[in-house]
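# Survey of secondary and tertiary structure
One letter stands for each residue in the lines below.
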Amino acid sequence: MHAAAAAAGAPRARAPAFIDPPGYARHRPETTLLYQLVEQHYPVFRELRAEAGRPLPDYVEAEFDAYLKCGRLEEGFLRLRCEQCHAEKLVAFSCKKRGFCPSCGARRMAETAALLADEILPERPLRQWVLSLPMALRFLLATRPAVLSAVLGVVYRAISGHLLRGARLTRRDAHTGAVTLIQRFGSALNLNVHLHMIFVDGAYRSDGSAPPVFHPVPAPTTAELQALVQRIAERLGRMLERRGLIERDAERAWLSGGTGEVGALDDLIGHSITYRIAVGPRAGQKVFTLQSVAAQPEQAGRDGAAEAGGFSLHAGLAIQPGERAKLERLCRYVSRPPVATERLALMPSGQVRYQLKTPYRDGTTHLVLEPLDLMARLAALVPPPRMHLTRYHGVFAPHSRLRAAITPAGRGAGGKGAKPDAEVPAVPKHVAMSWAQRLKRVFAIEIDTCVRCQGRLRVIASIEEPEVIARILAHRERSLDTAEPERAPIVARAPPRQGRLL
């Protein structure tokens, strides 16, 4: 029977009771400031872009439209029912987009961190390498996904070559590996394409007949980091120049005009990268900032970091084999959503104040944006279709012959010439975590267990028809208004001690 028919069928003898587990509050996006700002100002922003002859791309409009429906029971939901006491729960649909939705971004963050920590990254020394890029290259990589892949290949080969040399091995007899998480945002809601690469801190040596042997390498010295970032800058410059993407002379380099094609978001992306206002009478000017702490003196150099030609390479964070909780925290950090709603506030003037995660060296702690300029920044943060933001290299690549022997999950191609062994059971394919599993993993909340009788909740219907949605929500509101407060369970206890007041 169809879900709508099941919901609209014959009346039941007893109306369902609705439950929520202790410690869990259903996400209500319509009560958040970000949702209210998007709901009010996005239609105006879209019309302004259309009137200016630069309408938003379809994938950006789909991002905004889906966000306004995400987590709203009025847009559809699943009905869950306890198998024992028949109490019911409603779970709203989510947009599952990759742009700025905080709720779906948090779900993806939990899923990515669990996958990397449990199934991909082995119990070996690991190190995070962070590469920041010059502003001109940020614009190029934000608008050209194919160029981003080429740049990532150059960077991976440079760092892996450094690790192989440190292990006194060559590419013929040894391999290394990394997982790259591409971040497209900075702490100021600006577009800032940079690379977080989690490398095994060493190399695997294998002759094909025996299990691979891991050879660790020491942490890079300051001199090694400086030489490495200079090597990366030179190789990237040569590669981009061969492709006709940049032009250089003896003093500087600049982006080539290329084909002359102008993207629909190029102006928004350029203003976001350079911290400038994108819309309104002050378009092109610097964003207002608030400086509420004292400025910090310029540091000559940082431990575990080096700079050259606008590139910055940091490799100061190492993770030892037994620090799996630290590894998962790192994976959550590098895969987090771009917007932190708790740092967003509305000023009496109607402007939006956004607090930086860490104060700048000049003492800047907050940005002040017009609501329409906030819409422009959100639009610039939406990644283009088919741009993969998580990449696997070397021994972690899907077709690596060593992946099955190295990763905790034991899944991999096993080599092109590998023969299937009937006696070895097949490793099950990775299955994405469910909504309940994510809540339990991140917040220790049991969402699929009934709080009344500890029975199991089961999905009984998917409700998508507006009339049925309205009837169920109206009944839910009436039942919640008249519901009696939950009584604490009766637990037997020992008699009071002698002389104790009752």
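Residues numbered from 1 in each chain as written. Predicted model: local features only at pLDDT ≥ 70, side-chain atom pairs only at ≥ 80, totals over all residues. Heavy atoms only, no water.

Another point: the overall build of the protein chain. Assigned secondary structure in the protein chain consists of 13 helices and 18 strands. Taking all 502 residues of the protein chain together, the buried fraction comes to 46%. When the accessible surface of the protein chain is totalled, it reaches about 27400 Å², and 53% of it is carbon and sulfur. (Helix = DSSP H or I, 4+ residues; strand = E, 2+ residues; numbered from the N terminus. Buried < 20%, exposed > 50% of the residue type's maximum accessible area, 1.4 Å probe, protein only. Areas by Shrake-Rupley, 256 points an atom, 1.4 Å probe, with all protein chains shown as cover.)

A word on the pattern of salt bridges. Summed over the entire model, instances satisfying the criterion amount to 14 salt bridges. A salt bridge links E74 to R72, with the nearest nitrogen and oxygen atoms 3.2 Å apart. For E74, a relative accessible area of 44% corresponds to the partly exposed category. Note that R127 is salt-bridged to D201, the shortest N-O span being 3.1 Å. In this pair, R127 is assigned in strand β3 (residues 126-132) and D201 in the loop between β6 (191-200) and β7 (202-205), connecting sequence segments 74 residues apart. When sorted by exposure, R127 lands in the same class as D201, which is buried. Salt bridges here are not isolated pairs; linked through shared partners, they connect E30, R72 and E74. (Salt bridge = Lys/Arg side-chain N within 4 Å of Asp/Glu carboxyl O.)

Our next topic: the environment of V468. Looking at the element boundaries, V468 is found in helix α13 (residues 466-482). Since its relative accessible area comes to 10%, V468 is described here as buried. Residues V468 and G76, spaced 392 residues apart in sequence, show a C-alpha to C-alpha distance of 9.4 Å.

Another aspect to go through is the packing of aromatic side chains. In the structure shown here, the tally under the stated rule is 7 aromatic pairs. Measuring from ring centre to ring centre gives 4.3 Å for Y42 and F64, while their planes differ by 0°; the resulting arrangement is stacked. On the criterion of sequence distance, the pair formed by Y42 in helix α2 (residues 33-51) and F64 in helix α3 (residues 58-69) is long-range, its members being 22 residues apart. The burial state of Y42 is the same as that of F64; both residues are buried. Where F64 meets F100, the ring centres are 4.9 Å apart and the plane angle is 50°; that geometry is what we call tilted. Within this pair, whereas F64 is found in helix α3, its partner F100 is found in the loop between β2 (88-92) and α4 (102-120), the two being separated by 36 residues in sequence. Among the aromatic residues, those joined into a cluster by ring pairs are Y35, Y42, F64, Y67 and F100. Sitting over the ring of F288, R282 keeps its end group 4.1 Å from the ring centre. (Phe/Tyr/Trp six-rings, centres within 6.5 Å; stacked < 30°, edge-to-face > 60°. Lys NZ or Arg CZ within 6 Å of the ring centre and 35° of its normal.)

On the surface, R157, R165, R171, R235, R238, R242 and R243 cluster together into a positively charged patch. Elements with a minimum of two residues in the positive patch: α6 (145-166) and α7 (222-242). By residue number, the principal contributor to the positive patch is α7, which donates 3 residues. Secondary-structure assignment places R242 in helix α7. Taking the relative accessible area as the measure of exposure, R242 reaches 65% and is therefore exposed. (Patch = residues over 30% accessible without salt bridge, like charges linked within 9 Å, V, L, I, M, F, W, Y side chains within 5 Å. Lys, Arg positive; Asp, Glu negative; His and termini not counted. Charge placed at Lys NZ, Arg CZ, Asp CG, Glu CD.)

Running from N to C, α2 and helix α10 (residues 371-381) point in directions that differ by 85°, and their axes come no closer than 9 Å. In this view, α2 runs roughly perpendicular relative to α10, as classed from their interaxial angle. Side by side, α2 and α10 meet where L34, L37, V38, H41, Y42, V44, F45 and L48 of the first sit next to P371, L372, L374, M375, A376, L378 and A379 of the second. Of the residues contributing to the contact of α2 with α10, the split by class is 14 nonpolar, 1 polar and no charged. (Axes fitted to C-alpha atoms, helices over the stretch in contact; angles between N-to-C directions. Parallel < 35°, antiparallel > 145°, perpendicular 65-115°, else oblique. Contact = heavy atoms within 4.5 Å. Nonpolar A, V, L, I, M, F, W, Y, C, P; charged D, E, K, R; others polar.)

Another aspect to go through is the environment of E328. Relative to the helices and strands, E328 is located in helix α9 (residues 324-334). Note on E328: relative accessible area 12%, which makes it buried. Each C-alpha atom, one on E328 and one on T112, is 9.3 Å from the other, the two residues being 216 residues apart in sequence.

Below, the discussion takes up the sheet that holds strand β14 (residues 344-346). With antiparallel pairing, 4 strands are arranged side by side in an open sheet as β11-β16-β15-β14. The sheet terminates laterally at β11 (288-291) and β14, the two strands that pair on one side only. Adjacent strand axes in the sheet meet at a mean angle of 30° when their direction is disregarded. Across 3 bridges, β14 lies against strand β15 (residues 352-355) in antiparallel orientation. What sits directly across from A345, in β15, is R353. Here α10 sits on the sheet and contacts β15 and β16 (364-369); the angle it forms with β16, its principal contact strand, is near 105°. (Pairing = 2+ DSSP bridges.)

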